Amino acid sequence: MVEGIFTPAGADGRAHLLCSRCACGAVAFPARQRCAACSGTDLAVEEVPTEGKIYSWTTSPGRTVRVVAQVQFANGLMAQGHVSAEPGDVRIDQRVRTMAVQVDYADDGTPLLSYAFEPAGEAG
Ligand SMILES: [Zn+2]
């Protein structure tokens, strides 16, 4: 679990990114203590909608090619993350859903989770 970055099961049981929203309306991910727009400290953490749209994407080099996308959410946030899909199956404006992925194990054997995006099915 990446504390303060995302929740694997939010109010609706689905994975959500966590962003901060300032009294001035600015949203930030990861959540901030102080607003980058107005330097205010009246910030609240909120769950980002589980679904967003791919704004842009690229592939990261490595042993296996991974898709990295900027995802636009309805609450105004833009966040970057890996997309669990082949490059040939990814397109601009594609709807994607936040998901929890296991990335490693802690020393005590606890699964360590991070977030990624997966193409959102028609049924949601
Ligand atoms: Zn602000």
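Above this text is the structure in question.
These notes cover the structure that comes with them. None of these values were measured; they are calculated from a predicted model. (Residues numbered from 1 in each chain as written. Predicted model: local features only at pLDDT ≥ 70, side-chain atom pairs only at ≥ 80, totals over all residues. Heavy atoms only, no water.)

### Digging into the coordination of the zinc ion
Alright, step 1. The protein atoms donating to the zinc ion are Cys22 (SG), Cys24 (SG), Cys35 (SG) and Cys38 (SG), with metal-donor distances spanning 2.3 to 2.4 Å.
Alright, step 2. For the zinc ion, the 4 donor atoms are set out with angles of 104 to 116 degrees between them, so the coordination reads as tetrahedral.
Alright, step 3. Mapping the donors of the zinc ion onto the primary sequence yields the spacing C-x1-C-x10-C-x2-C. Taken together, the residues cysteine 24 in the loop between strand 2 (16-22) and strand 3 (27-28) and cysteine 38 in the loop between strand 3 and strand 4 (43-47) connect sequence positions 14 residues apart.
Alright, step 4. Its relative accessible area of 44% is what places cysteine 24 among the partly exposed residues. (Donors = N, O, S within 2.8 Å, 3.2 Å for Na, K, Ca; no water. Tetrahedral: all angles 85-135°; square planar, octahedral: opposite > 155°, others 65-115°. Helix = DSSP H or I, 4+ residues; strand = E, 2+ residues; numbered from the N terminus. Buried < 20%, exposed > 50% of the residue type's maximum accessible area, 1.4 Å probe, protein only.)

### Section: unusual backbone geometry
Alright, step 1. Of the consecutive residues phenylalanine 29 and proline 30, the connecting peptide bond is found in the cis state with omega at -5 degrees.
Alright, step 2. Along the chain, proline 30 turns up in the loop between strand 3 and strand 4.
Alright, step 3. Positive phi is not limited to glycine here, since serine 39 has a value of about 65 degrees.
Alright, step 4. Mapped onto the secondary structure, serine 39 falls in the loop between strand 3 and strand 4.

### Considerations on the packing of aromatic side chains
Alright, step 1. Within this structure, the stated rule accounts for 4 aromatic pairs.
Alright, step 2. A centroid spacing of 6.2 Å and a plane angle of 55 degrees characterise the contact between phenylalanine 6 and tyrosine 115, whose relative ring orientation is tilted. Residue phenylalanine 6 is found in strand 1 (residues 6-7), and its partner tyrosine 115 is found in strand 9 (residues 111-119); the two are separated by 109 residues along the sequence.
Alright, step 3. Ring geometry for phenylalanine 73 against phenylalanine 117: centres 6.1 Å apart, planes inclined by 50 degrees, an arrangement best described as tilted. On the criterion of sequence distance, the pair formed by phenylalanine 73 in strand 6 (residues 66-73) and phenylalanine 117 in strand 9 is long-range, its members being 44 residues apart.
Alright, step 4. A relative accessible area of 3% places phenylalanine 73 in the buried class.
Alright, step 5. The rings of Phe6, Phe29, Phe73, Tyr115 and Phe117 are connected pair by pair, giving a single aromatic cluster. (Phe/Tyr/Trp six-rings, centres within 6.5 Å; stacked < 30°, edge-to-face > 60°.)

### Some remarks on the pattern of salt bridges
Alright, step 1. One pass over the full model with this rule turns up 3 salt bridges.
Alright, step 2. The shortest N-O distance in the salt bridge between glutamate 51 and arginine 95 comes to 3.0 Å. With glutamate 51 in strand 5 (residues 51-60) and arginine 95 in strand 8 (residues 95-105), this pair connects stretches of sequence that are 44 residues apart.
Alright, step 3. On the basis of relative accessibility, which here comes to 19%, the residue glutamate 51 falls in the buried class.
Alright, step 4. Between arginine 97 and glutamate 118 there is a salt bridge, and its shortest N-O distance comes to 3.5 Å. Taken as a pair, arginine 97 in strand 8 and glutamate 118 in strand 9 lie far apart in primary sequence, 21 residues in all.
Alright, step 5. In this structure arginine 97 comes out as buried when scored by relative accessible area, which is 15%. (Salt bridge = Lys/Arg side-chain N within 4 Å of Asp/Glu carboxyl O.)

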